[in-house]
Amino acid sequence: MIKAADMLIARRADTRARADFATWKMLAKLNGTSSLPAEAQTFLASYGKLLKQMTELEASEATIGLMYKSYYSEMGGAGAAPDMPSRQAEPVADNVTAFRRPPARPKPAASGASTKPQLPVALIFACLAVVYVGIRYYWR
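Cut-offs and rules
- Residues numbered from 1 in each chain as written.
- Predicted model: local features only at pLDDT ≥ 70, side-chain atom pairs only at ≥ 80, totals over all residues.
- Heavy atoms only, no water.
- Core = buried A, V, L, I, M, F, W, Y, C linked by side-chain atoms within 4.5 Å.
- Buried < 20%, exposed > 50% of the residue type's maximum accessible area, 1.4 Å probe, protein only.
- Helix = DSSP H or I, 4+ residues; strand = E, 2+ residues; numbered from the N terminus.
- pLDDT = per-residue confidence, 0-100.
- Contact = heavy atoms within 4.5 Å.
- Phe/Tyr/Trp six-rings, centres within 6.5 Å; stacked < 30°, edge-to-face > 60°.
- Salt bridge = Lys/Arg side-chain N within 4 Å of Asp/Glu carboxyl O.
- Axes fitted to C-alpha atoms, helices over the stretch in contact; angles between N-to-C directions.
- Left-handed = near helix turned anticlockwise from the far one by under 90°.
- Nonpolar A, V, L, I, M, F, W, Y, C, P; charged D, E, K, R; others polar.
- Patch = residues over 30% accessible without salt bridge, like charges linked within 9 Å, V, L, I, M, F, W, Y side chains within 5 Å.
- Areas by Shrake-Rupley, 256 points an atom, 1.4 Å probe, with all protein chains shown as cover.

Participant: Explanation requested: the nonpolar core in the structure shown.
Facilitator: The nonpolar side chains of a soluble globular protein tend to be buried with one another. Ala-17, Trp-24, Met-67, Tyr-68, Tyr-71 and Tyr-72 are the most contacted members of the largest nonpolar core, which totals 19 residues. When residues of this core are traced back to their parent elements, those giving at least two are α1 (4–29), α2 (38–53) and α3 (56–74).

Laid out in structure tokens, this is it:
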């Protein structure tokens, strides 16, 4: 009988194994295996051996299974690691949507009380100049 705590550890170990394997595999493709820890290099070497014997998907799942069992015991799981169902490769759906320009907004009607009168910039500048000159003459 598997306890809930052990199942939680099992899920965490499986998630960590899948994430680590994906990261290590990407680093291996980028020729960065020398910077990986010894444990990662060992798992990648076993992956390379398994890859010669079976397909890439099967070799990946087998390596992830080895990593999962190692992580399960490392995280404090009791007994043998419970079997986690292998994740099926779901077909990748294209989630890219075509760009569509938003419809143009209709311009508001220029008539009615809802429109504000616009003051031209030159009128505002002229008013400020008159106020400034007025203040200068007042202080003299």
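Alright, that's what it looks like, and here's the rest.
Participant: So what exactly am I meant to see when it comes to the confidence of the model for the protein chain here?
Facilitator: Interpretation of the predicted coordinates at a detailed level should be avoided for regions scoring low in pLDDT. Confidence in the prediction for the protein chain averages 79 pLDDT; 80% of positions are at 70 or higher. Helix α4 (residues 121–139) holds the highest mean pLDDT among the elements of the protein chain, 91, whereas α1 holds the lowest, 83.

Participant: What's the story with the side chain of Ser-46 in this structure? I'm lost.
Facilitator: If you trace the backbone, Ser-46 turns up in helix α2. On the basis of relative accessibility, which here comes to 19%, the residue Ser-46 falls in the buried class. Once residues lying within four places of it in the same chain are set aside, the contact partners of Ser-46 are Thr-63 and Leu-66.

Participant: Hey, could you run me through the packing of aromatic side chains in this one?
Facilitator: The geometry of an aromatic ring pair is captured by two quantities: the separation of the ring centres and the angle between the planes. For the structure on display, the rule yields 4 aromatic pairs. Ring geometry for Phe-21 against Tyr-47: centres 5.1 Å apart, planes inclined by 75°, an arrangement best described as edge-to-face. Placement of the pair is Phe-21 in helix α1 and Tyr-47 in helix α2, with a sequence separation of 26 residues. Pair check on accessibility: Phe-21 and Tyr-47 agree, each one buried.

Participant: Sorry, what's going on with the pattern of salt bridges here?
Facilitator: As enumerated under the stated definition, the model contains 5 salt bridges in all. Here Asp-14 and Arg-18 are joined by a salt bridge, their closest N and O atoms 3.3 Å apart. One end of the pair, Asp-14, and the other, Arg-18, are both in helix α1, 4 residues apart, so they sit about a helical turn from each other. In this structure, Asp-14 and Arg-18 share a single accessibility class: buried. Taking the shortest distance from any N to any O, the salt bridge between Asp-20 and Arg-16 comes out at 3.6 Å. Of this pair, Asp-20 and Arg-16 both sit in helix α1, separated by 4 residues, roughly a single helical turn. Arg-16 sits in the partly exposed class, given a relative accessible area of 30%. Among the ionic contacts, a cluster of salt bridges with common partners joins Asp-14, Arg-18 and Glu-61.

Participant: Could you clarify how one ought to interpret the packing of α2 against α3 in this entry?
Facilitator: Running from amino to carboxyl end, α2 crosses α3 at an angle of 150°, the nearest separation of the two axes being 9 Å. In this structure, α2 crosses over α3, and the sense of that crossing is right-handed. Contacts between α2 and α3 pair Glu-39, Phe-43, Ser-46, Tyr-47, Leu-50 and Leu-51 from the former with Glu-56, Ala-59, Ser-60, Ala-62, Thr-63, Leu-66, Met-67, Ser-70, Tyr-71 and Glu-74 from the latter. Of the residues contributing to the contact of α2 with α3, the split by class is 9 nonpolar, 4 polar and 3 charged.

Participant: Whenever I open this one, a nonpolar patch on the surface confuses me. Can you help?
Facilitator: Taken together, the side chains of Leu-119, Leu-123, Ile-124 and Leu-128 make up a nonpolar region of the molecular surface, amounting to roughly 390 Å² of accessible area. Mapped onto the fold, Leu-128 is located in helix α4. Under the relative-accessibility criterion, Leu-128 is labelled exposed at 55%.

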